[in-house]
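# Remarks on the overall topology
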Amino acid sequence: MKMIFRWFGEKFDPIPLQYIRQIPALDGVVTTLMDIPAGEVWPLEAVQKMHRTVTDAGLRVEVIESVNIHEDIKLGAPGRDEKIENYIKTMKNLSAVGVKVICYNFMPLIDWARSHLFFELPDGSRTMFFNRETVLNSTPKSMGERYAQQSGGIALPGWEPERVAYFDQTIKRYQEISQEQYWENARYFINAIIPWAQRYDIRMAIHPDDPPWPLFGLPRLINNRENITRFLSFSQSPYHGLTLCTGSLGVDPQNDVPAIIREFAGRIPFAHIRNLKFLENGDFYESAHPSQCGSFDMYEIVKAFHSSGFDGYIRPDHGRMIFGESGRPGYGLYDRAMGITYLTGLWEALEKA
Ligand code: DNO
């Protein structure tokens, strides 16, 4: 198991790599090139520069999150083949610096959705919150505008203001395609890229839909055991895999996360481990990592990875903003660093038991 920490790059992340390096028991970072729009090739020089920056700080970078997929690919629109070719060129350039895993998602139009980015808890910490009613009464565009307001100008991946401006138009394009057509578009993409993933020795790890139920009438693919099975059956290659995100799948109480981990072991090169706290009506906020702070049994989750021989990468997922810090919602330094020591502690106890 290798423990890594998400870092958004020098221009987009207020946390310096020097601080990240001081987190105990850390192997490296998972990062991205945030300023390259989906559909374009990541130039080799830019990839090499990112790699140099991280390795000069004494850290490794073997996982990328995310290389985003252009809407034309998701929609099966004319022009998708060219964007897929660009995607494959990006994979090649990433393999040149030793990247082993690419995390991506196939969520239509929007990435994760919350009602509040900095919801204040009684102890004064601030965290992401999902209030169902607020979300159901929103449109993607009004949510994007709310994020822009709440995040104080930080561009969130997938929610960049220039994309949000076109949300209403793009959502209409999605409403014209059926759920089955959406599955076909995913299959087309997977069939095109997996032979190259194998060749470049990069494991592709799709991220589940967050939250795992349909929003705004948009199609959903990666949200439960059956659909993960269907998606992974597109190719039997171990290079076609899953990012197991406990928070995304665990929001649906029907999803038995430890059982899903055991079932798909071998096809999970990357894990996002976080805890969350359900409120009585099913709303939830993202809590600190320990079991006693949220609704998940983190021991059972980590044990499922450990007992199935997991040898991939783990990162702590969203944390709260604590100790007066400000920064990217869900991605402050302190709570995630404590998440790492907690998860590492669980792992060590399992190793020695
Ligand atoms: C949220 C993240 C997601 C994830 C993408 C992967 O914080 O887990 O935004 O990076 O869905 O493509």
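Residues numbered from 1 in each chain as written. Predicted model: local features only at pLDDT ≥ 70, side-chain atom pairs only at ≥ 80, totals over all residues.

## Notes on the overall build of the protein chain
We count it as follows: The helix and strand labels rest on DSSP assignments: H or I over at least four residues marks a helix, E over at least two residues marks a strand, and numbering proceeds from the N terminus. To get the radius of gyration, use the C-alpha atoms; to get the globule rule, take the number of residues to the power 0.38 and multiply by 2.2 Å. The burial label depends on the number of other C-beta atoms within 10 Å of a residue's C-beta. Counts of 20 or more mean buried, 12 or fewer mean exposed, and intermediate counts mean partly exposed, with C-beta atoms placed from the backbone. Each residue gets a C-beta atom placed from its backbone, and two residues are in contact if those atoms lie within 7 Å.
Counting its secondary structure elements, the protein chain contains 14 helices and 12 strands. Relative to a compact globule of 353 residues, whose C-alpha radius of gyration would be 20 Å, the protein chain shows 19 Å and is just as compact. Projected onto the principal axes, the alpha-carbon positions of the protein chain cover approximately 50 × 45 × 40 Å. Of all 353 residues assigned to the protein chain, the portion counted as buried reaches 44%. Within the protein chain, contacts between residues at least 6 apart in sequence are counted, and of these 71% link residues at least 24 apart.

## Quick word on the sheet that holds strand β3 (residues 60-65)
For clarity, the threshold we go by: Here, strands pair whenever DSSP counts at least two bridges between them. Working convention: axes come from line fits to C-alpha atoms, limited for helices to the stretch in contact. Angles between N-to-C directions cover 0 to 180 degrees.
Taken together, eight strands build a closed barrel; the order of strands is β1-β2-β3-β4-β7-β8-β9-β12 and the barrel is parallel. The mean inter-strand angle of the sheet, taken between neighbouring strand axes irrespective of direction, is 30 degrees. Note: β3 against strand β4 (residues 101-105), three bridges, orientation parallel. Each bridged residue has a counterpart across the sheet, and for Ile-64 the counterpart in β4 is Ile-102. Docked against the sheet, helix α14 (residues 334-352) engages β1 (2-6), β9 (270-273) and β12 (313-316), running at close to 135 degrees with respect to β12.

## A few points about the sheet that holds strand β10 (residues 276-278)
Pairing is antiparallel across the open sheet formed by four strands, whose spatial order is β5-β6-β11-β10. If you trace the sheet from one side to the other, it starts and ends with β5 (116-120) and β10, each paired once. Direction aside, neighbouring strands of the sheet carry axes that sit 35 degrees apart on average. Of the pairings in the sheet, the one linking β10 to strand β11 (residues 284-286) comprises three bridges and is antiparallel in character. Directly across from Leu-276, in β11, lies its bridge partner Glu-286.

## Let's talk about the site of the ligand
Quick reminder of the rule: Near, as applied to residues and a molecule or strand, means the residue's backbone-placed C-beta atom lies within 6 Å of it. Note on residue classes: Ala, Val, Leu, Ile, Met, Phe, Trp, Tyr, Cys and Pro are nonpolar, Asp, Glu, Lys and Arg are charged, and everything else, Gly too, is polar.
The environment of the ligand is made up of 13 residues, and the closest members are Ser-66, Asn-105, Asp-111, Trp-112 and His-207. Top element by residues in the shell around the ligand is β4. It accounts for three residues. Split by residue class, the shell around the ligand holds five nonpolar, six polar and two charged.

## Notes on unusual backbone geometry
The bulk of non-glycine residues show a negative phi, and the bulk of peptide bonds are trans. Glu-65 connects to Ser-66 through a cis peptide bond whose omega is -5 degrees. Considering the arrangement of structural elements, one finds Ser-66 in the loop between β3 and α3 (71-75). The omega torsion across Asp-210 and Pro-211 is 0 degrees, close enough to zero to call that bond cis. With respect to the element layout, Pro-211 can be found in the loop between β7 (203-207) and α10 (225-232). A positive phi angle is found at Phe-216, which is not glycine, with a value near 55 degrees. Here Phe-216 is to be found in the loop between β7 and α10. Not every positive phi belongs to a glycine, and Phe-323 is a case in point at roughly 55 degrees.

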